[in-house]
Amino acid sequence: MIETATLSLAKDAVKYEGLANEYREANKQSEYQDTMVKAFRLASDAFTKDPENPEAVRVAARIYTRAGANEARWLWSKLDKLKASTDEDVAWRIQALSTLKEDKTAAEQIEQVL
């Protein structure tokens, strides 16, 4: 039951994340921010309900990365520990490290990919 609820929250967070991207591309800053707040709440709820669910961890990590929050680094590491990282996740992790001004670590991650 928890897994179903978690996946539903995570999917809703992904939906709002996509909608927020559309607003950002349309240069609708207010709508972008409002929608990202909704995505953030849903992702946080999904992660809180099941912190071992890779989809919940992944969407939370992406949204924290977009926000430039330090928690993003920890969430990407958690996804690695769950052995659920994808190639796309590696790119997001590098983006998070770069946003957090951890350029040396980001460069090391890029070297590993190459």
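Higher on the page you've got the structure.
So, how was this worked out
- Residues numbered from 1 in each chain as written.
- Predicted model: local features only at pLDDT ≥ 70, side-chain atom pairs only at ≥ 80, totals over all residues.
- Heavy atoms only, no water.
- Phe/Tyr/Trp six-rings, centres within 6.5 Å; stacked < 30°, edge-to-face > 60°.
- Helix = DSSP H or I, 4+ residues; strand = E, 2+ residues; numbered from the N terminus.
- Buried < 20%, exposed > 50% of the residue type's maximum accessible area, 1.4 Å probe, protein only.
- Expected span 1.5 Å × (residues − 1).
- Axes fitted to C-alpha atoms, helices over the stretch in contact; angles between N-to-C directions.
- Parallel < 35°, antiparallel > 145°, perpendicular 65-115°, else oblique.
- Left-handed = near helix turned anticlockwise from the far one by under 90°.
- Contact = heavy atoms within 4.5 Å.
- Nonpolar A, V, L, I, M, F, W, Y, C, P; charged D, E, K, R; others polar.
- Salt bridge = Lys/Arg side-chain N within 4 Å of Asp/Glu carboxyl O.

1. Section: the packing of aromatic side chains
Scanning the entire structure with this criterion turns up 2 aromatic pairs. Ring geometry for F40 versus Y64: centroids 5.1 Å apart, planes at 55°, classification tilted. Here Y64 lies in helix α3 (residues 54–67) and F40 lies in helix α2 (residues 29–49), a separation of 24 residues in the sequence. Classification of Y64 by relative accessible area gives buried; the value is 17%. Residues F47 and W74 carry aromatic rings whose centres are separated by 6.0 Å and whose planes lie at 90° to one another, so their mutual orientation is edge-to-face. Separated by 27 residues along the polypeptide, F47 in helix α2 and W74 in helix α4 (residues 71–81) bring together distant segments of the chain.

2. Details of α2
With 21 residues, α2 extends 30 Å between its outermost C-alpha atoms, agreeing within 8% with the 30 Å of an ideal straight helix rising 1.5 Å per residue. Those residues of α2 not exposed but buried are Y32, T35, M36, A39, L42, A43, S44, A46 and F47.

3. Observations concerning the packing of α4 against helix α5 (residues 87–99)
Put simply, α4 and α5 touch, their axes get as near as 9 Å, and they point 155° apart. If you check the angle between α4 and α5, you find them roughly antiparallel. Crossing hand, α4 versus α5: left-handed. Mapping the contact onto sequence places A72, R73, W76, S77, L79 and D80 in α4 and D89, W92, R93, A96 and L97 in α5. Of the residues contributing to the contact of α4 with α5, the split by class is 6 nonpolar, 1 polar and 4 charged.

4. As for the environment of A60
Position of A60 relative to the elements: it lies in helix α3. Judged by relative accessible area, which is 1%, A60 ranks as buried. Other than its neighbours up to four places away in sequence, A60 contacts A43, F47 and L75.

5. Re the pattern of salt bridges
Proximity of charged atoms lets side chains of opposite charge pair with each other. Taken as a whole, this structure holds 6 salt bridges when the rule is applied. E17 serves as the salt-bridge partner of R62, at 2.6 Å between the closest nitrogen and oxygen. Taken together, the residues span a long stretch of sequence, with R62 in helix α3 and E17 in helix α1 (residues 2–25) at a distance of 45 residues. Residue R62 is classed as buried on the basis of its relative accessible area, which comes to 12%. Among the salt bridges present, the one from R66 reaches E17, with a minimum N-O distance of 3.0 Å. Note that R66 is positioned in helix α3 and E17 in helix α1, a separation of 49 residues in sequence. Here the salt bridges do not stand alone but share partners, grouping E17, R62 and R66 into one network.

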